[in-house]
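So the chains spell out like this:
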Amino acid sequence: MRVERRFSRSAESTMDSFIMGLVEVAAQPGMISFATGLPDNSLFDTQAMVRAMEEVMSDDPCGALQYDTPTGYIPLRKRIAERCGRILGFKVGYEDVLMTSGSQVCFDLIGKMFLDHGDVMAVENPGYLGAIQSYSAYSPDFRGVDIDVNGPDIGQLSSAVADGARLFYSIPNHQNPSGVSYPDDARKAVAEVIGGSGCILVEDDAYGELGYNGRVGRTMKSMIPDDTILTGSFSKTISPGMRVGWMVVPEWMRAKAGRSLEACCLQSNTFCQRVIDRFMADMDYDTYLDGLRRGYARKKKVFMDAMEDNLPDTVSWNDPEGGMFVWLRTPEGTDAMRLYERALEGRLVVMPGHPFHVRGGANTIRLNFATPSDEQIADGMKVLGGACRDLYS
């Protein structure tokens, strides 16, 4: 007798991750990767991190190895709350700051709290694939809101909200994958649409601290605080491997969010939270961030100079003001998967843009300039240039 086994609706609904498959490909010997979202290893302050770990284990080793409160290490939550008031433009108590295992857990918790099967959810188009994958487990009706240098398409957002959208997921600063940031007028327009509508804005600020000339605009959380969940992470500024993220929720959401976090994982990593708190306490964090910004600005220039030297004018790209990504467009009507495949033959991995879209995007490629070394950038861009000329001459 054959036993029929089935997965839950959420397991069946969860999208595949094109990105994680490329991580494995990029890890093969001899490969050059412009594909993943990994930070630049050379910018990790490993010596300061070792000191922070030693101090944490010296001061209170048992506390660092023990369970903590479900919502996170209070001194670090207070540090984040203070930064919200001083840098991000809104005042909040530490009680509304919840620590998570990276911002990916934030997305899952938000989906769990607000999405039922078939609910309308607005997402940027293109939008961050990892977040869309997380929300896909709750099988929403995704409504793509096109985004470009002018910000999101307000008509499309308004239509989704009018249709009862429960959430709008957005990255207003140095968006992944496109690298664009919302202009001030776009932020105001989004606030007008979302404020008081019943739709919750999820403001992903993963790259907000990595503007080459500082922050590029007001946080949406400072404009419509009761309608916005702000998510952040230390993955792009201190260490992705430590998996420490956070979210700031409105007071009315605090109890439900804390309960959902506890049910999900009991709590996030005590030791890593304490190490990051000590790391930030031991140095001037703003000066440290300035060093990161200079490092990524230099890396972007090396990358874009190589693009200018190697790529034909049949393809186009943007010039981001922060973050880690350049958005490449192949000619209209072409399929950039062919460019991905041709580059792979030359042992270069790039990330096709189509998976970031809920519609369209076949002629786009996301390029990460943070991960490769200067030498790999030079070698990889020669491969990419040759592939582009072969396909789009």
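Just above, that's the structure.
We now turn to the structure provided with this report.

**Regarding the pattern of salt bridges**
Overall, the coordinates contain 23 salt bridges when judged by the stated rule. With a closest N to O distance of 2.8 Å, aspartate 277 and arginine 79 form a salt bridge. Of the two residues, aspartate 277 is situated in helix H12 (residues 270–282) and arginine 79 in helix H5 (residues 74–88); the sequence distance between them amounts to 198 residues. We classify aspartate 277 as buried; its relative accessible area is 8%. For arginine 342, the salt bridge identified is with aspartate 390, shortest N-O distance 3.5 Å. Of this pair, arginine 342 sits in helix H14 (residues 337–345) while aspartate 390 sits in helix H15 (residues 374–392), placing them 48 residues apart in sequence. Through salt bridges that share partners, Glu82, Arg83, Arg86, Asp205, Glu209, Arg215, Asp286, Asp290 and Arg293 make up one connected network.

**Let's talk about the packing of aromatic side chains**
Between two aromatic rings, the relevant description is the distance of the centres plus the angle of the planes. In the structure shown here, the tally under the stated rule is nine aromatic pairs. Taken together, a centroid distance of 5.0 Å and an interplanar angle of 70° make the contact between phenylalanine 34 and phenylalanine 303 edge-to-face. Pair noted here: phenylalanine 34 is in the loop between strand S1 (32–33) and helix H3 (46–59) and phenylalanine 303 is in helix H13 (residues 285–310), with a separation of 269 residues, a long-range link. In this structure, phenylalanine 34 and phenylalanine 303 share a single accessibility class: buried. With a centroid separation of 5.3 Å and an interplanar angle of 75°, the aromatic rings of phenylalanine 107 and tyrosine 169 are classed as edge-to-face. Here tyrosine 169 lies in strand S6 (residues 167–170) and phenylalanine 107 lies in helix H6 (residues 103–114), a separation of 62 residues in the sequence. Using a relative accessible area of 0% as the deciding quantity, one classes phenylalanine 107 as buried. Here a set of aromatic residues connected by ring pairs shows up, and it is made of Phe34, Phe303 and Phe369. Cation over ring: lysine 78 sits above tyrosine 94, and NZ or CZ is 5.4 Å from the ring centre.

The rules behind the values
Residues numbered from 1 in each chain as written. Predicted model: local features only at pLDDT ≥ 70, side-chain atom pairs only at ≥ 80, totals over all residues. Heavy atoms only, no water. Salt bridge = Lys/Arg side-chain N within 4 Å of Asp/Glu carboxyl O. Helix = DSSP H or I, 4+ residues; strand = E, 2+ residues; numbered from the N terminus. Buried < 20%, exposed > 50% of the residue type's maximum accessible area, 1.4 Å probe, protein only. Phe/Tyr/Trp six-rings, centres within 6.5 Å; stacked < 30°, edge-to-face > 60°. Lys NZ or Arg CZ within 6 Å of the ring centre and 35° of its normal.

Everything listed is a geometric property; what it means functionally is a separate question.
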